[in-house]
Amino acid sequence: MNENQKDNLLLAIKEEVIKCQECQLYKTRTLPVIGQGNHNAQVMFIGEAPGAKEDKTGVPFCGEAGQILNLLLSSIDVKREDVYIANILKDRPPANREPAPEEVKACAPYLLRQIAIIEPQIIATLGNYSTHFILEYFGVPESHLGISQLRGKKFAVQDPLTKKHYTIIPLYHPAVAIYNRHRLDELKNDFKIVKEQLN
Ligand code: URA
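Now for a description of the structure that goes with this document. If you're wondering where the values come from, they're calculated on a predicted model, not measured in any experiment.

Digging into empty space enclosed by the protein
Gaps between atoms show up when a probe of the same size as a water molecule is rolled over them. Tallied over the full model, the rule gives one cavity of 30 Å³ or more. Lining the largest cavity are 14 residues, and of these C20, C23, L25, D91 and C107 sit closest to its centre. Broken down by element, the lining of the largest cavity gets its largest block of residues, three residues, from helix 4 (residues 101–118). Taken together, the residues that form the lining of the largest cavity break down as nine nonpolar, one polar and four charged.

Quick look at the sheet that holds strand 2 (residues 43–47)
Taken in spatial order, the six strands make up an open sheet running 1-3-2-4-6-5, and their pairing is mixed. On the outer flanks of this sheet lie strand 1 (36–37) and strand 5 (155–158), each paired with one strand and no other. Alignment of strand 1 against strand 3 (residues 84–87), held across two bridges, turns out to be antiparallel. Looking at strand 3, one finds that Q36 is bridged to I85. Sheet strands touched by helix 5 (residues 127–137): strand 2, strand 4 (122–126), strand 5 and strand 6 (165–171). Its angle to strand 4, the strand with the most contacts, is close to 140 degrees.

Conventions and cut-offs
- Residues numbered from 1 in each chain as written.
- Predicted model: local features only at pLDDT ≥ 70, side-chain atom pairs only at ≥ 80, totals over all residues.
- Heavy atoms only, no water.
- 1 Å grid on protein atoms, 1.4 Å probe; cavity = no way out; pocket = protein on both sides within 12 Å on 5 of 7 lines; lining within 4 Å.
- Points joined across faces, edges and corners; volume = space filled by probe spheres on them.
- Helix = DSSP H or I, 4+ residues; strand = E, 2+ residues; numbered from the N terminus.
- Nonpolar A, V, L, I, M, F, W, Y, C, P; charged D, E, K, R; others polar.
- Pairing = 2+ DSSP bridges.
- Contact = heavy atoms within 4.5 Å.
- Axes fitted to C-alpha atoms, helices over the stretch in contact; angles between N-to-C directions.

Printed below as a string of structure tokens:
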């Protein structure tokens, strides 16, 4: 797929999400957070759902967790504009509660389409929630394990629908490092695995 086609397909998703009323979250959100970054990214980071700041700006990972993500990217010499960042849910759940199953069912198809269009080499899942969703979707038997057992591991998968191949690398959610230096060190080490896989 050439760049123009990718841009058009991603723009079509954006327009659909803006109008989407498949779940109730459109009623309480300010802006949808569709995704940001390079349409030819080799690595795609996937979080859970927008927080308060993301909801106001429409930009993924622009709050406190986003500052940590930026720091982790620069620790491996990767520019934020070279990766693509998206979430499972495009709209903020009120009071940052966990996504409800019907919200994920309604929203995740947008993310799966984004993945198929961008076709990154690596899908780096941020935190338990997105890791579980992505591993389960791709039929990885370890999908039931917790993030502390999965982080830093690599899973070679094939999309059952598009037949495209990806390497999934689960990572802790950057928010865990806001008040925990030890987790930040672990995250830095795990980001090196992403970097190695890129090289
Ligand atoms: N946490 C997430 O999972 N995603 C964001 O975009 C921001 C915070």
